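Close look at the chain arrangement
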Amino acid sequence: MRKGYNIPIWSIFIVIIIALDQLTKYMIVKSLEIGDSVKVIKNLLYITSHRNEGAAWGILQGKMWLFYIVTIVVLVILVMFFKSEGYGKPLIQFGLSLLIAGSIGNFIDRLFRSEVVDFIDTYIFGYNFPIFNVADAALTIGVIVLIIVILFEGKEEKA
């Protein structure tokens, strides 16, 4: 294997994120009824059992077949991009690994539950942010990391 391209480490990272996602979802399913909520930090963080049959913010409800196709296509593209653009670039590898893990985590839910288990319920500056899960957090952080890398890479190339 070429130096700067350590796929096994990223594979372990991806498996850990997926396992954390699935374990937390399992705990929610087994311990809370849908709609139950537990206060963690008043007016900031709650654990609320919620289900979503769509995508982010509940869009495309009930279009499970679309999510199967899109997820598989996206995963193939992410892996190809990891191999082609990730070489020697740990931040890109990190961001793509988060995207892969998040995609697989929610795909598992859709495949075996026909819905995604959400439970992290936050209030940010009084706004009740849509309930999400570990896979969603991984996806969001992965996108943010890649945006930052792209922005800084562009500045480095200009300099």
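- If you look the protein chain up in an unreviewed UniProt entry, it shows as Lipoprotein signal peptidase from Mammaliicoccus lentus.
- Regarding the protein chain, the relevant UniProt record gives this comment under Function (unreviewed entry): "This protein specifically catalyzes the removal of signal peptides from prolipoproteins."
- Quoted straight from UniProt, the Pathway (unreviewed entry) entry for the protein chain says "Protein modification; lipoprotein biosynthesis (signal peptide cleavage)."

1. Side note on the environment of Ile150
- Note that Ile150 resides in helix α4 (residues 134-158).
- When its relative accessible area of 58% is taken as the criterion, Ile150 is described as exposed.

2. Comments concerning helix α2 (residues 64-85)
- Over its 22 residues, α2 extends 31 Å from the first C-alpha to the last, a length consistent with the 32 Å expected when each residue adds 1.5 Å.
- Buried within α2 we find Met64, Phe67, Thr71, Leu75, Leu78 and Phe82. Buried residues of α2, seen end-on, are gathered within an arc of 70° and therefore sit on one face of the element. Seen from the open side of α2, the exposed residues pointing more than 90 degrees away from its buried face are Trp65, Ile69, Ile77, Met80 and Lys83.

3. Some details on the sheet that holds strand β1 (residues 37-41)
- The strand order across the open sheet formed by 4 strands is β1-β2-β3-β4, and the pairing between neighbours is antiparallel. Unpaired on one side and paired on the other, β1 and β4 (127-128) mark the two borders of the sheet.
- Direction of pairing for strand β3 (residues 116-124) relative to β4: antiparallel, over a ladder of 2 bridges. The residue bridging Ile124 from the neighbouring strand is Tyr127, located in β4.

So, how was this worked out
- Counting restarts for each chain, with residues numbered from 1 along the sequence as it is written.
- Whole-chain, interface and lining totals are the exception, using all residues; otherwise, since this is a predicted model, local features are given only for residues with pLDDT of at least 70 and side-chain atom pairs are given and counted only at 80 or more.
- For the side-chain quantities, the full set of heavy atoms in the structure was used; hydrogens and water were omitted.
- UniProt positions are given in the numbering used here, feature names are shortened, and annotations may be inferred rather than shown by experiment.
- Comment: elements are numbered from the N terminus, with helices defined as DSSP H or I runs of at least four residues and strands as E runs of at least two.
- Only protein chains enter the calculation, and the probe is 1.4 Å; a residue is then buried if its accessible area is under 20% of its type maximum, exposed if over 50%, and partly exposed in between.
- Multiplying 1.5 Å by the residue count of a helix minus one yields the expected span of that helix.
- To be clear, the arc concerns the directions from the helix axis to the C-beta atoms.
- Pairing between two strands requires that DSSP report at least two bridges joining them.

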